[in-house]
Amino acid sequence: MIRTEHLTKRFGKLLAVDDLNLEVERGEVFGFLGPNGAGKTTTMRMLAALIAPTSGAAWINGKRIGQDDESVRASVGLLTENPGLYPRLNAGENLSFFAKLHGVQDITGQVRKYLALLGLWERRTEAVGGFSKGMQQKLAIARALLHEPPVLFLDEPTSALDPEASRVVRDFIATLKSEGRTIFICTHNLDEADRLCDRVAVIKQRLIRVDAPETLRQGLYGQSVRVQLREKAPAYLARVRELPFVTEVFETAEGFRVALNEPENHNPELIQALVAAGAAIQFVERESHSLEQVYFDLLRESETEA
Amino acid sequence: MNRKRLQAVVAKEWLDMRKNKMVLIMMALLPLLMVGMIVGTVYFMERLPDAEFDPETGDSGMGLPPELEALGYKDGVIILLNDQYMFYLLLIPLALPVYVAAYSIIGEKETRSLEPLLATPISTTELLLGKIIAASAPAVILTWLSFVLTAFGLYIISNPTVFAYWMRPVWSLSMAFQTPFLAVLSTACGVIASSRLNDPRAAQQVTAIFIVPLIGLSLIVLMGKVYLDLRIMGWATLLIAATTAGVVWLAVKLFQRETILTRWK
Ligand SMILES: Nc1ncnc2c1ncn2[C@@H]1O[C@H](COP(=O)(O)OP(=O)(O)OP(=O)(O)O)[C@@H](O)[C@H]1O
Ligand SMILES: [Mg+2]
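Below, the structure is looked at part by part. These numbers come from a predicted model, not from an experiment.

What counts as what
- Residues numbered from 1 in each chain as written.
- Chains lettered and ligands numbered in written order.
- Predicted model: local features only at pLDDT ≥ 70, side-chain atom pairs only at ≥ 80, totals over all residues.
- Heavy atoms only, no water.
- Helix = DSSP H or I, 4+ residues; strand = E, 2+ residues; numbered from the N terminus.
- Buried < 20%, exposed > 50% of the residue type's maximum accessible area, 1.4 Å probe, protein only.
- Contact = heavy atoms within 4.5 Å.
- Donors = N, O, S within 2.8 Å, 3.2 Å for Na, K, Ca; no water.
- Expected span 1.5 Å × (residues − 1).
- Polar contact = N/O pair within 3.5 Å; in protein donor to acceptor, adjacent residues only side chain to side chain.
- Buried area = accessible area lost by both parts, 1.4 Å probe.
- Salt bridge = Lys/Arg side-chain N within 4 Å of Asp/Glu carboxyl O.
- Nonpolar A, V, L, I, M, F, W, Y, C, P; charged D, E, K, R; others polar.
- Pairing = 2+ DSSP bridges.
- Phe/Tyr/Trp six-rings, centres within 6.5 Å; stacked < 30°, edge-to-face > 60°.
- Near = heavy atom within 4 Å.

### Points about the overall build of chain B
Along its length, chain B carries 11 helices and zero strands. Put simply, chain B runs from its N terminus to its C terminus through helices and strands in the order α-α-α-α-α-α-α-α-α-α-α. Dimensions along the principal axes, computed over C-alpha positions, put chain B at roughly 70 × 35 × 35 Å. When each of the 265 residues of chain B is scored for burial, the buried share is 49%. Intrachain contacts of chain B at a sequence separation of at least 6 include 81% that bridge at least 24 residues.

### Description of the coordination of the magnesium ion (ligand 2)
All names here are of chain A. The coordination sphere of the magnesium ion (ligand 2) contains the protein donors Thr41 (OG1) and Glu81 (OE), at a distance range of 1.9 to 2.6 Å. With Thr41 in helix H1 (residues 40-47) and Glu81 in the loop between strand S6 (76-79) and helix H3 (91-101), the pair connects residues that are 40 residues apart, well separated along the chain. When its relative accessible area of 16% is taken as the criterion, Thr41 is described as buried. Judged by its relative accessible area of 39%, Glu81 falls in the partly exposed class.

### Quick word on the environment of Leu207(A)
Residues and elements named next belong to chain A. The residue Leu207 is located in strand S10 (residues 206-211) in this model. For the pair formed by Leu207 and Leu14, sequence separation is 193 residues and the distance between their alpha carbons is 17 Å. When sequence neighbours within four positions are dropped, the list of residues in contact with Leu207 reads Leu20, Asn21, Leu22, Ala201 and Val202.

### Re helix H1 (residues 3-18) of chain B
Helix length check: H1(B), at 16 residues, gives a terminal C-alpha distance of 22 Å against a target of 22 Å (1.5 Å per residue), a fit within 8%. Buried residues in H1(B) make contact with helix H2 (69-74) and H3 of chain A together with helix H2 (21-46), helix H4 (97-110) and helix H6 (124-157) of chain B. If you check the start of H1(B), you find a side-chain oxygen 2.8 Å away from the backbone N of Lys4(B), and it comes from Asn2(B).

### Quick look at the interface of chain A and chain B
When the parts come together, some accessible area is lost, and that loss is often what is quoted as the size of the interface. Contact with chain A, which involves 26 residues of that partner, is made by 25 residues of chain B. Summing both partners gives a buried area of about 2,600 Å² for chain A against chain B, and 62% of it is carried by carbon and sulfur. There are five salt bridges connecting chain A and chain B. With a shortest N-O distance of 2.5 Å, Lys9(A) and Glu258(B) are connected by a salt bridge. Taken together, the links from chain A to chain B amount to eight residue pairs in polar contact (both at pLDDT 80 or more). Of all the secondary structure elements, the ones that give two or more residues to the side of chain A that touches chain B are H2 and H3 of chain A. Sort the elements by how many residues they give to the side of chain A that touches chain B and H3(A) lands first, with five residues. Broken down by class, the residue content of the side of chain A that touches chain B amounts to 13 nonpolar, five polar and eight charged.

### Quick word on unusual backbone geometry
Residue and element names in this part refer to chain A. A positive phi angle is found at Asp19, which is not glycine, with a value near 50 degrees. Mapped onto the elements, Asp19 comes out in strand S2 (residues 14-24). In this structure, Ala49 takes a positive phi of about 60 degrees despite not being glycine. Locating Ala49 in the fold gives a position in the loop between H1 and strand S4 (55-60).

### Remarks on the pairing of S2(A)
Residues and elements named next belong to chain A. As defined by bridge partners, strand S1 (residues 2-11) adjoins S2 across seven bridges and the pair is classed as antiparallel. Bridging across to S2, Leu7 finds its partner in Leu20. As consecutive antiparallel partners, S1 and S2 are separated by two residues, and within that stretch Gly12 has a phi angle of approximately 60 degrees, a positive value.

### Section: the pairing of S6(A)
Residue and element names in this part refer to chain A. Here S6 shows no split at all, with Val76 and Leu78 on one side and Gly77 and Leu79 on the other all buried. Relative to strand S7 (residues 151-155), S6 runs parallel, the two sharing four bridges. When the bridges of S7 are listed, Val76 appears paired with Val151.

### A word on the packing of aromatic side chains
Residues and elements named next belong to chain B. A complete count under the given rule lists 13 aromatic pairs over all chains for this structure. Ring geometry for Tyr85 and Tyr88: centres 5.8 Å apart, planes at 55 degrees, overall tilted. Placement of both Tyr85 and Tyr88 in helix H3 (residues 73-95) is noted, with a separation of three residues, approximately one turn of the helix. Tyr88 gets classed as partly exposed once you look at its relative accessible area, which sits at 29%.

### Quick notes on the site of ligand 1
For ligand 1, the set of nearby residues contains 16 residues, the closest of which are Lys40(A), Thr41(A), Thr42(A), Glu81(A) and His188(A). Residues near ligand 1 are shared among chains A and B, making this a multi-chain site. A distance of 2.9 Å separates an oxygen atom of ligand 1 from a polar atom in the backbone of Gly39(A). Looking at the shell around ligand 1, the elements with two or more residues in it are S2 and H1 of chain A. The element contributing the most residues to the shell around ligand 1 is H1(A), with three residues. In the shell around ligand 1, the residues fall into six nonpolar, seven polar and three charged.

Spelled out as structure tokens, the structure:
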């Protein structure tokens, strides 16, 4: 649905996006992560046919950007970093204008549908300038959807939203995914990316890594479980080390962290061995790394490589 | 070029203008002042004794061009003055759109709506033509309205000769045909300034600077005491039309989507 080949953008001397190769499938929610200035917004702008790549190519829904921009724009819905609404116009008027520009057939119907879906129907006749940030953001999301685009670009959709509004927007994104839309999200909210995205890309000008969050975790840390004991003893540690399926053991404050390849199969044996050695087990839990941890480690790794 | 999208831009601009009291007041003010000034001066001059206008006896006397000598001094002087005022009326379509035009693109930059706007299938020509039509049409209508209101006023307070001279073809035709071009010309200059600059006040000033030479030109015609006939006005109209077409073309050419979208303040 979205494909880039050696996509590169320079602003004068500054290299904003460097040789990006990506492929996003239809119906996928794709997270685009990276520090400030990594080139996320710039990439989105290129993919929405707003700015031209310096070199390389990209396709949206089979249409090449730079060649068939009108159909690219027609198949893309864009939520920009700033809502960018007309403050003197009311919610309905803001949406109708964009619906007309997109050649939407049933303008009133579409406007009503999205105002209602995003909970703004009651406020449709108020000037948007008086809306709270969250309401403006929701209206901007509605605006991106009026022409029912198969591809959505969302630049930081929940930044500046309170937890409740973020939740509404996140749920809404999940609904959009279930409708089969391809969704490309730039975000600094890594928990959100973890929850929403099928795959994430970490970029800093260049692509650092792209994969499903879970795969990234396993790639970096393998699988491990945390064991918490009532009392620690050196013998327990030695016993765990002897087990053939255990790749590594680290001592922690309350017990150990045990790295092993197939926790589903080997955890029972691990527990049996510990119990047999006389250990009093309080908790055994899957070790979870936050996507944040993954993100930092990937960035650090890429820095040491460079 | 897609008519629907063009209409959408015009409609949105008008909707926005209607909700902007400041713009409405500013637009209404200039025409009202002009009409008041013209009708007011003629009213007072009509009440002065005829002798005041005789260059031999009166102190407000002035020489008349040969075309007007047959009319008598009082009517002659009023008509000469009205001819100057007519130029002022033709300044309305130049002056009125400046504010709206200077804001046309800068306003979109300020509200950050330019990016979502350019992400729709709208073409540069549709966007700019829409903006130009939206800003110039009210100026054209207000200018025509001022002309008609003044004519009405003159008809009531003055005499048939003065009224007939006000309505003579050289003026009514200029009003009809030059006004739209002048308004579009001024608007297109404003749109250029608005696409190139980031500060609305600077854009207004630059637009005003574009327009000053045009005002100068009209003053030269006046000071040379050229008695305007249809031939001169016809050529003037053609010249204005050609300039307008050129400036509109330039406005579209100079609108670089990418630079406008991403240029830093
Ligand atoms: N029009 C421009 N002219 C010059 N430099 C630009 C322009 N647009 C972006 N840049 C630069 O390109 C780099 C990438 O910017 P971009 O906005 O894509 O980053 P981002 O990943 O979206 O960052 P953020 O997380 O802060 O939104 C930055 O160094 C930025 O300063
Ligand atoms: Mg950004």
